[in-house]
Amino acid sequence: MRIAEISSPDHRHSLNEPHSHLLSQIESSIKDLERHSPESPFPEPLLTDLRLRLTQLTSLSPFPNSVKLHVWKLSYRLWNSCVDLANAAAVRPSSSSAKFTEQHANLRQISADLLFLANDVVGVPSPAFKSASFFYKTGLIWHDLNKFDLANNCFEKATDLTARIDVASVTDNEERKLLLGLNIARSRSVWEVSDRNLAIALLNRAKTVLFGCTESYKALANQYLAFGKIALSSNESCGVNEGLKLMNEALDLCEKGMRIVKRQDETLALKNMRLKTLRFIAASHLQRDEFESVLKCVKVLRESSSGGGDDHPSLSVLAMKAWLGLGRFGEAEKELKGVVVNKGVPEGVWVSAVESYFQATGAAGAETAKGVFLGLLGRCHVSAGATIRVVRRVVGDGVTVEGSRVRAKVVAEVVSDERVVALFVGEEAVKERTTMHAVLWNCGVTQMFGQLHLNNRRQPKFPLTSVCRKKTCRKLLLLCLYGLVAPGLAKSCHSAADHFRSKDYETSAEMFEKSMLYVPYNIESRVLRAKGFRVLCLCHLGLSQLDQAQEYITEAEKLEPNIASAFLKFKINLQKNDCDGAITQVQAMTTCLDFTPDFLSLSAHEAIACRALRVAVSSLSNLLNFYSSGKPMPTTEVMVLRTLITILTQDSGNESETLVYMKRSHKRLSEVGPDFFFGKGEVGRRERDWLAVNSWNTGTRVGKEEKYGLCADFFRLASDFYGVVVDGEGQGNNVMVCKSLILTVSAMIADEKQRKATLLDKEVKQAIELLDRAGKILTTISVGSQAEGDEITTIDPNFLFIYTLNTYDLHTRLNETGSQQLLLVKQFAASKSCSPNYLLQLGLHALQGPRSNPEVATFALNTCLSALLVSQSPDYQCVALTIRKLIAVCAIHKGDTDDDVVYGMYKQAYRIMVGLKAGDYPLEEGKWLAMTAWNRAALPVRLGQVEAARKWMSIGLDLAGKVPGMDTYKSCMEDFLDGFEKKSHGNGNV
């Protein structure tokens, strides 16, 4: 923060010429400093010039008051420039070098010296205090730079400036703080130059400038305490005594301050300082072997009235050491237990406490100190055998649940100590080294054994993973995989399930690392070291520290390249979401000398758990390649295929790949037979039905998505799967076979239309063969049903219609005679599955395309019309459409040769309309009938065929009379018909 400049009237005219010249030069240098960029190097000549001008100006003193005011302003400007430089250095720490800081201190010194020349200026309030504050702040900077002589000089000048001031008259808080701070800072500086008596004297002087302020008492007491701690650390008798005196002074100040200051919030800081001082006084008494005094201090601290007493962690340590000094081991044991329980005790403190306890009690305190974990380090240098016993006592009886995380941490700290490791070096300690490795290894296994069971993440229910989850051998496989059977563990592997709930991978990793300290770097230990690296990889996988896991498995593979290392590399790639790397590692696993197909099953499971379905597909695809060898496999081939298909159907867009594995299933079924491929009994039937149903469902889904080519393939496979006979069944599911065959052909025809291409003759014949198979099944179903008097009730009527329509269409393409097609339609019309709507569609279909068949169309439409008219509630929309199409068939294909047939259709339509309510018969169709019947009279009128013309006009007029809204047309028709009759009679025509 800038110090405000003193504003004063212009006084340049009153300056003497020598003063003016020097002050102008100083001002010029200050301006250069103000313009100086903090990023640029500091201008060394500037500092030299300022110091020279200051010396020259000092030689001209005393000055008139006008010059002093000018000097005062220049000093403040220079000080403010220093503030700017300091702020810039704080923003850019790189510029805060030692050299820069010293230059900054020199500038402050010049500013303070410059202000000192004008310290008695008239017109400025408290000039001596302001000048003293400059020296005080500059002295603090010199003190931080360890320039204690320069700092002391500044403090002495500041003291001289304030010495003439009556302390009782000082009322400003900042000035009071300056007086106290000046004494304390000067005391610190002279202490550093080994003038301790003067330092203490200065602190005693500071007692006169406390002014009843809480902060002042606290600051002075803190300085007494700081000097006391320094004296206490010397470990000399005189130093301890001196330190105790200083701490008593600090305690006295705290108590005086607490009596003077009454507000609770103000006394809290003094109370805390008092407690801190008492603790150090207790430590000084302990150092002087004054144990009773130590206990008195601890008692006072614990009985302190503020919040139930002081619970500082060091109190138990001080009390324990005092009781030990008095030979009171029972009380010392209680205090030691307090040290262990107190979570706030720093590690170094309880190490010191345990060492003291062991030193005083020896072997008698071993049982009590069992829970004091880090203290065991002091007892583990006796022998390697003793060290093993101690470690076993801490971790418990081998591999048990009692080997907790805290215990394991302590063990890790003990066994990693260089002194302990040194005990197990050499050929004479081979047995002990092996035992220690086994103990540490087993402790690590206990902490991380839960990693070996299946991932706890919620997983989709895939067939293969369900089997893996149920099989006990999976756990044994994983034990072999990670090499977790260490010496001494083999007999206790059955209890590993007790530890599945424990997944403390961090502690496990630490234990395994420490166990590696007891594995020699020789050829014989390569396998053991590789196991260690693999299990460390596994721990870091559990912690999701993938880079560390990668490093460990790389080292393991260098020592012992095997399937376990390859699999863990695969697992790391999965965790990194590197699917391509994981797929590559699957291929690498199959090249390992100790590879077994179980690892591909395991890889698929891990990939599914990580939702890396592409990797799972790759693993299972590789697993399928081993089934043709005839070797025993971990699971059946159909289950692997089923899992693959299930995975692929999780996401849309995999239909083509799904089809590949469906076809592979069909191929293997043909090669090995249904009983071997599916299995026997109910299991085999379920496997067959699963493939059949999934083929059907996938075909249905892709059909809805208009992927008709795939749809045809899936339904074709479904028909084959449904037709498989398992374990001596009488027959397959003929109904579903029939449906699948019919839908296969339908999809082929739909695909043809979608591609705007024409089926080849070969494809048409294949489709007809499929329909022939379906037709035979339909016949079988029909015969079986007729025996019971219920025709074709086991299949949806839609399928019979689709079968008829597709058969008609395909036979038409082979240029077969119309009689066969007519027979096909007649057979369908005779079935109970037939409906007017189906017949209408067959009739319309027979009229379409270049190979239309009017005979079939006429039959289908006539049969449809008859069926519609005999129904209880005829659909007159369909009736009207059927009549129109029949009229069109007769008119187009028979021409005028059979005019009576066409007239009969119009007459039939009229008879249908007679008695109907308005609107029952479609209005537009009625108008069409009336108009077209009337228009048919046009040609006979021109040709003079009176009877023919009269017949058509009459039926047209009759039809118009049945159609609402044709009154105008009817009037015109009647007028024209009357005129026509008159004209006909006039011409002599009857």
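Conventions used here
- Residues numbered from 1 in each chain as written.
- Predicted model: local features only at pLDDT ≥ 70, side-chain atom pairs only at ≥ 80, totals over all residues.
- Heavy atoms only, no water.
- Helix = DSSP H or I, 4+ residues; strand = E, 2+ residues; numbered from the N terminus.
- Buried < 20%, exposed > 50% of the residue type's maximum accessible area, 1.4 Å probe, protein only.
- Contact = heavy atoms within 4.5 Å.
- Areas by Shrake-Rupley, 256 points an atom, 1.4 Å probe, with all protein chains shown as cover.
- Phe/Tyr/Trp six-rings, centres within 6.5 Å; stacked < 30°, edge-to-face > 60°.
- Core = buried A, V, L, I, M, F, W, Y, C linked by side-chain atoms within 4.5 Å.
- Axes fitted to C-alpha atoms, helices over the stretch in contact; angles between N-to-C directions.
- Parallel < 35°, antiparallel > 145°, perpendicular 65-115°, else oblique.
- Left-handed = near helix turned anticlockwise from the far one by under 90°.
- Nonpolar A, V, L, I, M, F, W, Y, C, P; charged D, E, K, R; others polar.
- Salt bridge = Lys/Arg side-chain N within 4 Å of Asp/Glu carboxyl O.
- Expected span 1.5 Å × (residues − 1).
- pLDDT = per-residue confidence, 0-100.
- Disulfide = S-S within 2.5 Å.

(A) Geometry of the overall build of the protein chain. Looking only at helices and strands, one finds 45 helices and zero strands in the protein chain. Going through the 990 residues of the protein chain one by one, you find that 49% of them count as buried. Put simply, of all contacts in the protein chain between residues at least 6 apart along the chain, 68% involve residues at least 24 apart. Entry remark: accessible area of the protein chain is about 47800 Å², with carbon and sulfur atoms responsible for 52%.

(B) Representation of the packing of aromatic side chains within the structure. Scanning the model with the defined rule gives 20 aromatic pairs in all. Relative to F626, the ring of F595 has its centre 5.5 Å away and its plane inclined at 40°; by these criteria the two rings are tilted. Residue F595 is located in the loop between α26 (579-589) and α27 (598-609), and its partner F626 is located in the loop between α28 (613-624) and α29 (637-648); the two are separated by 31 residues in the primary sequence. A relative accessible area of 14% means that F595 is categorised as buried. With a centroid separation of 6.2 Å and an interplanar angle of 50°, the aromatic rings of F801 and F828 are classed as tilted.

(C) Local environment of the environment of E657. Structurally, E657 is set in helix α30 (residues 655-672). Assessed through its relative accessible area of 35%, E657 is described here as partly exposed. With twelve residues separating them in the primary sequence, E657 and I645 have C-alpha atoms 8.7 Å apart. Look past the residues within four positions of E657 in its chain and what remains in contact with it is V617 and L648.

(D) Summary view of the nonpolar core. Counting residues in each nonpolar core, the largest one holds 137 residues, and the members touching the most others are F678, I883, Y906, Y921, L929 and L959. A total of eleven residues in this core trace back to one element, the largest contributor, which is helix α34 (residues 734-755). Among the nonpolar cores identified, the runner-up in size contains 97 residues, and L178, L210, Y217 and L324 belong to it.

(E) Inspection of the packing of α28 against α30 at higher detail. Axis separation between α28 and α30 bottoms out at 13 Å; the angle between their running directions is 20°. The pairing of α28 with α30 is recorded here as roughly parallel in orientation. Crossing of α28 over α30 shows left-handed handedness. On α30, the residues touching V617, S621 and L624 of α28 are E657, Y661 and R664. Split by residue class, the contact of α28 with α30 holds three nonpolar, one polar and two charged.

(F) A look at the pattern of salt bridges. This structure, assessed with the given rule, holds 26 salt bridges. Close ionic contact of D252 with K256 constitutes a salt bridge, the shortest N to O distance being 3.2 Å. With D252 and K256 both in helix α10 (residues 237-260) and four residues apart, this pair spans about one turn of that helix. Note on D252: relative accessible area 28%, which makes it partly exposed. The partner of D809 in a salt bridge is R813, with the nearest N and O atoms 3.0 Å apart. With D809 and R813 both in helix α36 (residues 797-813) and four residues apart, the pair spans about one turn of that helix.

(G) Representation of the packing of helix α25 (residues 563-575) against α27 in the model. The geometry of α25 relative to α27 is characterised by a closest axis approach of 11 Å and an angle of 15° between their N-to-C directions. Comparing their axes, α27 and α25 come out roughly parallel. Here α25 and α27 pass one another in a crossing that is right-handed. Contacts from I563, F567, F570, K571 and L574 of α25 reach α27 at F599, L602, S603, E606 and A607. When the residues that make up the contact of α25 with α27 are grouped by side-chain class, the tally is seven nonpolar, one polar and two charged.

(H) Expanded view of the environment of F135. Take F135: it is sitting in helix α5 (residues 127-144). With 26 residues separating them in the primary sequence, F135 and Q109 have C-alpha atoms 7.3 Å apart.

(I) Looking closely at helix α23 (residues 526-542). Here α23 spans 25 Å end to end across 17 residues, near enough to the 24 Å set by a 1.5 Å rise per residue. Just downstream of α23 lies S544, where phi reads positive at about 60°.

(J) Geometry of unusual backbone geometry. Here the phi dihedral of N146 falls at roughly 60°; this positive angle occurs in a residue that is not glycine. Inspection of the secondary structure puts N146 in the loop between α5 and α6 (148-163). For D289, which is not glycine, the phi dihedral falls at a positive 60°. Relative to the helices and strands, D289 is located in the loop between α11 (264-287) and α12 (291-302). With relative accessibility at 52%, the residue D289 sits in the exposed group.

(K) Structural view of the confidence of the model for the protein chain. Looking at the protein chain, pLDDT values average 78 and 79% of them are 70 or higher. Of all the helices and strands in the protein chain, helix α21 (residues 473-482) carries the lowest mean pLDDT, 41, while helix α33 (residues 708-722) carries the highest, 93. Confidence drops under pLDDT 50 across residues 1-15; counting only partners more than four residues distant or on other chains, this segment forms 26 contacts. This model gives residues 362-367 a pLDDT under 50, and the stretch forms seven contacts once residues within four places in sequence are excluded.

(L) Region of interest: the environment of E706. You can see E706 is positioned in the loop between α32 (681-704) and α33. Residue E706 is classed as partly exposed on the basis of its relative accessible area of 47%. Spatially, the C-alpha atoms of E706 and A747 are 9.2 Å apart, while their sequence positions differ by 41 residues.

(M) View of helix α7 (residues 173-192). In this model α7 runs 29 Å from its N-terminal to its C-terminal C-alpha over 20 residues, within 8% of the 28 Å that 1.5 Å per residue would give. S194 occupies a position one or two residues after α7 and carries a positive phi of about 70°.

(N) Fine view of the state of the cysteines. Inspection of the entire model under this criterion finds zero disulfides. Cysteine C539 remains unbridged, with the sulfur of C537 as its closest cysteine sulfur at 9.1 Å. Residue classification places C539 among the buried positions, given a relative accessible area of 0%. Between C834, a cysteine without a disulfide, and C864, which holds the nearest cysteine sulfur, the sulfur-to-sulfur distance is 8.4 Å. Look at C834 and you get buried, because its relative accessible area is 19%.

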